[in-house]
Amino acid sequence: MKNEKILKVKGLETSFFTHLGEVKAVRNVSFDIYKGEVVGLVGESGSGKSITCMSIMKLLQHPGKIKNGEVIFKGEDLVTKSSKEMRKIQGDEISMIFQDPMTALNPVYTIGNQMVEVIRAHKKISKKEAEQTALKMLEAVGIPDPAKRMKNYPNEFSGGMRQRAIIAMALSCEPELLIADEPTTALDVTIQAQILDLLKDLRTKLDTSIIFITHDLGVIAELCDRVIVMYGGMVMEEASVIDLFSEPKNPYTIGLLKSVPNPDILIKQKLIPIPGSPPDMLNPPKGCAFCKRCEYAMEICLEEVPELYEVTKRHKSRCHLYHPDAPEVVRKQVM
Ligand code: SF4
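Numbering of residues begins from 1 in every chain and follows the order in which that chain's sequence is written. Only residues with pLDDT of at least 70 are given local features in this predicted model, and only at 80 or more are side-chain atom pairs given and counted; all residues enter the totals for whole chains, interfaces and linings. To get the side-chain values, all heavy atoms of the structure are used, and hydrogens and water are removed first.

> How should I be thinking about the sheet that holds strand β7 (residues 177–181) in this particular structure?
Two orientations exist for strands paired in a sheet by backbone hydrogen bonds: parallel and antiparallel. Only strands that DSSP links by at least two bridges are regarded as paired with each other. The numbering of helices and of strands both runs from the N terminus, where a helix is a DSSP run of H or I of at least 4 residues and a strand a run of E of at least 2. Taken in spatial order, the eight strands line up as β6-β7-β8-β3-β9-β10-β12-β11 in an open sheet, and their pairing is mixed. The open sheet terminates on both sides in strands that have one partner only, identified here as β6 (94–97) and β11 (308–312). Along the sheet, successive strands turn relative to each other by an average axial angle of 20°, direction set aside. In this structure, strand β10 (residues 234–240) lies alongside strand β12 (residues 315–318), joined through two bridges in antiparallel fashion. Across the sheet, residue Glu-238 finds its bridge partner in β12, namely Lys-316. Any pair of residues with heavy atoms lying within 4.5 Å of one another is described as a contacting pair. Lines fitted to the C-alpha atoms define the axes, with helices restricted to the stretch that makes contact. Angles between their N-to-C directions range from 0 to 180 degrees. Its contacts with the sheet put helix α1 (residues 49–57) on β3 (38–42), β6, β7, β8 (209–214) and β9 (226–231), and the angle it makes with β8 is roughly 145°. Sheet strands in contact with helix α11 (residues 251–258) are β9 and β10, and its direction is about 100° off that of β9.

Below, the structure written as structure tokens:
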């Protein structure tokens, strides 16, 4: 991982303007992504992680709209780009892969045809050269006998192979940033492990930065360098994987960690689900998004949205407990 920042999301706000009112899906989200790093975006469904990435890619469907903020990619604000300008960036410089590979594949064209088409849409090269690139990429993602497999239709591939083909397609234009939205959720555990190994390998070989969206903390531990925890459309905590797992600093993250089994703990572990349900984003709480479920909630939590406080240089937590004036003794109760 290098110190070169390739993406800066600043004060991003995205809402859906429905007939029931404004659903505030992403609220004042800011983070940076550096070259060659893998960042996990974790949270329950509805936490805003996918919408944040759809906003970055400008793939939001009506009635979704970016209300505020900047998405600076290589010095330019993507929020101000036209659809035509974004089409050049999508796939070429930033690629996105989704949970269901079938949605990204056309069932009536062979895998080879689709790959060649994607490559030629972004690179000025001959059909023959594009075929060579496709072949090389399918080989790189571990598709056996790629020359023969290029002639197959998507339904002739297994689920794991289809996801590999999608990753090959996404990486064939050598994007600088890959956004992967739960790409392994629908796969069985063995294939999931293979895809994670593949992504790790590709990051090392191609130095691609990856944003990996998941609700699975095990996947985060396995793959990522850094984690951003989202809840109620906001970033609640941001830290390195080691710091987040060993010293979580936000009551929501602590609850999340207690609610999933830890494979490193051999003794019987009691799992404690977080009581209550996520906030209604049509009417989000006035104060902290987690206040109705937080066992440490104080009066101020109901009234004021906490800032994302810097706990250490590379560890941030959105919680009033980390206000510089909050007494240390209160924080200690949480840990
Ligand atoms: Fe809990 Fe208050 Fe911190 Fe929110 S701000 S996580 S409610 S202690």
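Having seen it, we continue.
> In this structure, what is going on with the pattern of salt bridges? I would like to understand it.
Note on pairing: side chains with opposite charge can pair once their charged atoms come close. Here, a salt bridge means any Lys or Arg side-chain nitrogen found within 4 Å of an Asp or Glu carboxyl oxygen. Inspection of every chain in the model, using the stated rule, returns 16 salt bridges. Across the pair Lys-74 and Glu-176 runs a salt bridge whose closest N-O atoms are separated by 2.9 Å. On the criterion of sequence distance, the pair formed by Lys-74 in the loop between β4 (64–73) and β5 (76–77) and Glu-176 in the loop between α7 (159–171) and β7 is long-range, its members being 102 residues apart. When its relative accessible area of 23% is taken as the criterion, Glu-176 is described as partly exposed. For the salt bridge of Glu-247 with Lys-249, the shortest nitrogen-to-oxygen distance reads 3.3 Å. For the exposure calls, accessible area comes from a 1.4 Å probe over protein chains only, and a residue counts as buried if that area is under 20% of its type's maximum, exposed if over 50%, partly exposed in between. Given the relative accessible area of 46%, Glu-247 is considered partly exposed. Accessibility expressed as a relative area gives 14% for Lys-249, which makes it buried.

> I tried to follow the site of the ligand on my own but got confused; where do I start?
In these notes, residues near a molecule or strand are those with any non-hydrogen atom within 4 Å of it. All residues adjacent to the ligand are Pro-251, Cys-288, Cys-291, Cys-294, Tyr-296, Ala-297, Cys-301, Pro-306, Cys-319, His-320 and Leu-321. When residue character is reported, Ala, Val, Leu, Ile, Met, Phe, Trp, Tyr, Cys and Pro are called nonpolar, Asp, Glu, Lys and Arg charged, and the others, Gly included, polar. Of the residues that constitute the shell around the ligand, the class distribution is ten nonpolar, one polar and no charged.

> When you look at the packing of aromatic side chains in this model, what are you seeing that I'm missing?
Two descriptors summarise a pair of aromatic rings, namely the distance from one centre to the other and the angle between the planes of the rings. Classification of ring pairs rests on two measures: the distance between centres of Phe, Tyr or Trp rings, Trp counted by its six-membered ring, which must be within 6.5 Å, and the angle between planes, read as stacked under 30 degrees, edge-to-face over 60 and tilted in between. This structure, assessed with the given rule, holds three aromatic pairs. Summarising the aromatic geometry, the rings of Tyr-231 and Tyr-252 are spaced 4.5 Å apart at their centres and angled 45° between planes, so their arrangement reads as tilted. Here Tyr-231 is found in strand β9, whereas its partner Tyr-252 is found in helix α11, with 21 residues between them in sequence. Taken individually, Tyr-231 and Tyr-252 each receive the classification buried, so the pair is uniform in this respect. Judged by centre distance (5.2 Å) and plane angle (70°), the rings of Tyr-252 and Phe-290 are edge-to-face. In this pair, Tyr-252 is assigned in helix α11 and Phe-290 in the loop between α11 and α12 (299–303), connecting sequence segments 38 residues apart. Overall, Phe-290 belongs to the buried group, its relative accessible area being 4%. Members of the aromatic cluster, each reached through a chain of ring pairs, are Tyr-231, Tyr-252 and Phe-290.

> Explanation requested: the sheet that holds strand β1 (residues 5–18) in the structure shown.
Strand order in the open sheet formed by four strands is β2-β1-β4-β5, with antiparallel pairing between adjacent strands. Pairing within the sheet leaves two strands with one partner each, and these edge strands are β2 (21–34) and β5. Pairing of β1 with β2, which is carried by ten bridges, proceeds in the antiparallel orientation. Along β2, the bridge assignment pairs Ser-15 with Lys-24. Against the sheet, α1 makes contact with β1, β2 and β4, and its axis sits at roughly 110° relative to β1, the strand it touches most.

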